[in-house]
Amino acid sequence: MLKDITLGQYFPGNSPLHKLDPRMKLILALLFIVTVFFADSLVSVAIMALASFIFVPLGRIPLKTVLRSLKAIRWIILFTSVLNLFWVKTGTQLVDFYFIDIYSGGITYAITMALRVTALLVGSTLLLSYTTSPIALTDGLEQMLSPLKKLHVPVHEFAMMMTIALRFIPTLIEETDKIIAAQKARGADFETGSVFSRAKAMIPIFIPLFVSAIRRADELATAMECRCYHGGDGRTRMTSLRYTPRDFVALGLFLLFMAGIIGMRWLPLPAFLGM
Amino acid sequence: MKLELKNLSYVYSGDTTFRRQAVDDVSAVIREGSITGIIGHTGSGKSTLVQMMNGLLSPTSGEVLLDGENIFKDKKTLFSARFKVGLVFQYPEYQLFEETVAKDIAFGPKNQKLSQKEIAGRILEAADFVGLDRELLDRSPFDLSGGQKRRVAIAGVMAMRPPILILDEPASGLDPVGREEIFGGLLRYRDQTGATIIIVSHSMEDMARYAEDILVMSESRLVLSGSRDEVFRKADFLCSIGLDVPEVTHLMNELRRRGYDLPDNIYTVEGAEAALRRLKDQLHHKEGKVC
Ligand SMILES: Nc1ncnc2c1ncn2[C@@H]1O[C@H](COP(=O)(O)OP(=O)(O)OP(=O)(O)O)[C@@H](O)[C@H]1O
Ligand SMILES: [Mg+2]
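Residues numbered from 1 in each chain as written. Chains lettered and ligands numbered in written order. Predicted model: local features only at pLDDT ≥ 70, side-chain atom pairs only at ≥ 80, totals over all residues. Heavy atoms only, no water.

This part is about the overall build of chain B. Per the secondary structure count, chain B includes eleven helices and ten strands. Considered along the principal axes of its C-alpha atoms, chain B spans approximately 75 × 50 × 35 Å. The buried share of chain B, taken over its 291 residues, is 50%. Contacts in chain B between residues at least 24 apart in sequence constitute 63% of all its contacts with a sequence separation of at least 6. On chain B, roughly 13800 Å² of surface is accessible, and the fraction owed to carbon and sulfur atoms is 49%. (Helix = DSSP H or I, 4+ residues; strand = E, 2+ residues; numbered from the N terminus. Buried < 20%, exposed > 50% of the residue type's maximum accessible area, 1.4 Å probe, protein only. Contact = heavy atoms within 4.5 Å. Areas by Shrake-Rupley, 256 points an atom, 1.4 Å probe, with all protein chains shown as cover.)

Once that is clear, we can look at the site of ligand 1. As a structural note, the neighbourhood of ligand 1 is formed by 14 residues, with Gly-43, Gly-45, Lys-46, Ser-47 and Thr-48 of chain B the closest of them. Neighbouring residues of ligand 1 are distributed over chains A and B. Between ligand 1 and His-202 of chain B, the relevant distance is 3.3 Å, taken from an oxygen atom to a side-chain nitrogen or oxygen of the residue. In isolation ligand 1 offers 630 Å² of accessible surface; the protein chains occlude 70% of this area. Of all elements in the fold, only β2 (20-30) and α1 (46-53) of chain B reach the threshold of two or more residues within the shell around ligand 1. It is α1 of chain B that provides the largest number of residues to the shell around ligand 1, a total of three residues. Of the residues that constitute the shell around ligand 1, the class distribution is two nonpolar, nine polar and three charged. (Near = heavy atom within 4 Å. Polar contact = N/O pair within 3.5 Å; in protein donor to acceptor, adjacent residues only side chain to side chain. Nonpolar A, V, L, I, M, F, W, Y, C, P; charged D, E, K, R; others polar.)

Taken residue by residue, the interface counts 22 residues in chain A and 25 residues in chain B. Between chain A and chain B, roughly 2000 Å² of surface is buried when both sides are summed, and carbon and sulfur atoms account for 63% of that area. The interface formed by chain A and chain B holds one salt bridge in total. For the pair chain A and chain B, the number of links is three residue pairs in polar contact (both at pLDDT 80 or more). Of all elements in the fold, only α5 (63-72), α9 (155-185) and α11 (203-226) of chain A reach the threshold of two or more residues within the side of chain A that touches chain B. (Buried area = accessible area lost by both parts, 1.4 Å probe. Salt bridge = Lys/Arg side-chain N within 4 Å of Asp/Glu carboxyl O.)

Turning next to the packing of α9 of chain A against α11 of chain A. Residue and element names in this part refer to chain A. Closest axis-to-axis distance for the α9/α11 pair is 10 Å, and the angle between their directions is 145°. Note that α9 runs across α11; the crossing there is right-handed. Residues Met-160, Ile-164, Phe-168, Thr-171, Leu-172, Glu-175, Thr-176, Ile-179, Ile-180 and Gln-183 of α9 touch α11, and the partners they reach there are Pro-204, Ile-205, Pro-208, Leu-209, Ser-212, Ala-213, Arg-215, Arg-216, Leu-220 and Met-224. Considered class by class, the residues forming the contact of α9 with α11 number 13 nonpolar, four polar and three charged. (Axes fitted to C-alpha atoms, helices over the stretch in contact; angles between N-to-C directions. Left-handed = near helix turned anticlockwise from the far one by under 90°.)

So, about the sheet that holds strand β1 (residues 3-12) of chain B. Residue and element names in this part refer to chain B. Strands sit in the order β2-β1-β4-β5 across an open sheet of four strands; the sheet is antiparallel. Two strands in the sheet have a free side with no partner beyond their single neighbour: β2 and β5 (69-70). This element, α1, spans β1, β2 and β4 (61-66) of the sheet and lies at about 125° to β1. (Pairing = 2+ DSSP bridges.)

With respect to burial, helix α3 (residues 101-111) of chain B is a largely interior element, nine of its eleven residues being buried. Those residues of α3 of chain B not exposed but buried are Val-101, Ala-102, Asp-104, Ile-105, Ala-106, Phe-107, Gly-108, Pro-109 and Asn-111 of chain B. Looking at the buried residues of α3 of chain B, the elements they touch are α9 and α11 of chain A together with α2 (75-84), α4 (116-129) and α5 (146-158) of chain B.

Glancing now at the pairing of strand β10 (residues 221-227) of chain B. Residues and elements named next belong to chain B. Both strand β9 (residues 213-218) and β10 contribute to a ladder of six bridges, which runs antiparallel. In the sheet register, Met-217 faces β10, and the bridge partner there is Leu-222. Hairpin connection of β9 to β10: two residues between the antiparallel strands, including Glu-219 at a positive phi of 45°.

This part takes up the side chain of Thr-268 of chain B. Residues and elements named next belong to chain B. Counting through the fold element by element, Thr-268 comes out in the loop between α10 (247-257) and α11 (269-290). Given the relative accessible area of 18%, Thr-268 is considered buried. Setting aside its immediate chain neighbours within four residues, Thr-268 contacts Ala-208, Arg-209 and Val-248.

Bringing the packing of α3 of chain B against α4 of chain B into the picture now. Residue and element names in this part refer to chain B. The N-to-C vectors of α3 and α4 enclose an angle of 120°; their axes lie 9 Å apart at closest approach. Overall, the two elements α3 and α4 adopt an arrangement that is oblique. Crossing hand, α3 versus α4: right-handed. Residue-level contacts link Ala-102, Ile-105, Ala-106, Pro-109 and Lys-110 of α3 to Ile-119, Arg-122, Ile-123 and Ala-126 of α4. Among the residues forming the contact of α3 with α4, the class breakdown is seven nonpolar, no polar and two charged. (Parallel < 35°, antiparallel > 145°, perpendicular 65-115°, else oblique.)

Residue and element names in this part refer to chain B. Splitting chain B by domain gives domain 1 (3-234) and domain 2 (246-291). For domain 1 versus domain 2, the separation of C-alpha centres amounts to 36 Å. With eight residues of domain 1 in contact, the opposing surface of domain 2 contributes seven residues. For the pair domain 1 and domain 2, the summed buried surface comes to about 700 Å²; carbon and sulfur atoms form 56% of the total. (Domains from an automatic or database assignment.)

Now for a positive patch on the surface. Residues and elements named next belong to chain A. Together, Lys-64, Arg-68, Lys-71 and Arg-74 make up a region of like positive charge exposed at the surface. The biggest single contributor to the positive patch is α5, with three residues. When you line up the elements, Arg-68 lands in helix α5. (Patch = residues over 30% accessible without salt bridge, like charges linked within 9 Å, V, L, I, M, F, W, Y side chains within 5 Å. Lys, Arg positive; Asp, Glu negative; His and termini not counted. Charge placed at Lys NZ, Arg CZ, Asp CG, Glu CD.)

Residues and elements named next belong to chain A. Its location among the elements puts Gln-93 in strand β1 (residues 93-97). As for Gln-93 and Gly-105, which are separated by twelve residues in sequence, their C-alpha atoms are 8.7 Å apart. Apart from the residues lying within four places of it in its own chain, the contact partners of Gln-93 are Asp-101, Ile-102 and Tyr-103.

Bringing helix α6 (residues 74-87) of chain A into the picture now. Residues and elements named next belong to chain A. Given a rise of 1.5 Å per residue, 14 residues ought to cover 20 Å, and the 20 Å separating the end C-alpha atoms of α6 matches this to within 8%. Buried within α6 are the following residues: Ile-77, Ser-81, Asn-84 and Leu-85. Along α6, the residues classed as buried sweep out an arc of 110° about the axis, all on the same side. Of the exposed residues in α6, those oriented more than 90 degrees away from the buried face are Trp-75, Ile-76, Phe-79 and Trp-87. Residues of α6 that are buried sit in contact with α5, β2 (100-103) and α7 (104-130). (Expected span 1.5 Å × (residues − 1). Arc of directions from axis to C-beta.)

Glancing now at a nonpolar patch on the surface. Residue and element names in this part refer to chain A. A cluster of nonpolar side chains, contributed by Leu-141, Met-144, Leu-145, Leu-148, Leu-151, Val-153, Phe-158, Met-161, Met-162, Leu-166 and Ile-169, occupies part of the molecular surface with about 930 Å² of accessible area. The greatest single-element share of the nonpolar patch, amounting to five residues, is contributed by α9. Inspection of the secondary structure puts Ile-169 in helix α9. Relative accessible area serves as the criterion here: at 40%, Ile-169 is assigned to the partly exposed category.

Listed below in structure tokens is the structure:
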């Protein structure tokens, strides 16, 4: 069913990672991504990939779930790696077979690429989507971008739109599931026939879905107005975000780690490990 | 048509942390031509169970037998099961989509590949079953009241004339008159076509009134089944799993506890009225003798 598509799935919990301020997690994720691109040797990228798994116990996320999300993108990883394998022509030539030339540099680079994508995915999903609720994330984003309000950027309105959209994705997915089931019960056939007739078979799904989305939007707008919602001006929050010492410890540790990884550029490494 | 459930189980999100066993080893035989009620508290697996009965959900294990044939045998059997077992979902009014009520009711029969003439007949017939004014047939379904939309949705399934008709909470959110009209329509459908009707409901009053057999679900399991009298006689058990018997049954039980000679199978207000009148006559009679 549609529900099985896990778009940045949040695992409620109380782990050290869950407790970090969402703004700090956004900063850390950004720094993490920058570091992954700064790490340019096989060793440093490997360390990054391994390090990203530290977040698994820190966030108390089942390793199985993380591995499954990796499995979902295994073809992307494989494709980028293989592409690099044939593209990079540095180091010593290992294979010379008609148009297939493989150099040692290509192999190193292919592995580096695979590790890099792994580190990126594991690190950012664990820091953000698995351990931060979408609502906390938009809240964090709103507060980080709030200086832009001075430039008349409607930050609050954008954040509210995002919050509402995120809130209603699961609802609409559930509703789509229900409508599909109901029309199937009336003998609707979505699986056979030409492309054209299959597209036509979608009408009994889309019309009720749009009708109900519009009805929901309307009801929500009324409910918000009844509670005197009038945009961001002068609005305060029930829980305002505040950095705690924990956040700065996390930042400190991370900066140290980052310095170490970037510092590795100047380490004398054997040629096959470098680039 | 005979419907039989054999060791049905269903697990949602099987191999994830959100795993949830919604139906656990349910076996039952639904009596042909009966009105069978399914009761159970919220989340007990009723909706999941009925969705397996017409093959919308494939059970994790177990079989659904229609006249002895497992509907999950192959794709064709599965597809045809949808026409033999009609299912009306909870709040079915949200799945209307056509320009006119008549076209919406025609959706099912059209998928059955019936001829134009037959379809036209089915539309009128179904509208009559649910008591829908024929004038409404050319209106847009989105312009109707909630109760009218509900009837259009039920007519849409009845128009396929399934020998087994299942309805998930058909009367929820309707006023007493609306409820009565819906149930009246179901009775008419059963009497004219000889179909079996299965109703999922929270309302013990409605079940007492219309159901002949009752299945009781609790925590994903089928914990009790039998005729209406057999089930409602076990008031204490029903209360222990978070269900209830009709209010008037409570009243009768209390009166009986206080020594009045009343039968223990009264579930409707009409039944209670008759029993109380009988009791009154009896007492009157005795007094007369004494004097
Ligand atoms: N699509 C789904 N994905 C995961 N779990 C589900 C899904 N649908 C239902 N469940 C779970 O399965 C269990 C049984 O649900 P079901 O809808 O069958 O209950 P019900 O008896 O119909 O309840 P109600 O009386 O509230 O309609 C519930 O615990 C529910 O949380
Ligand atoms: Mg239900």
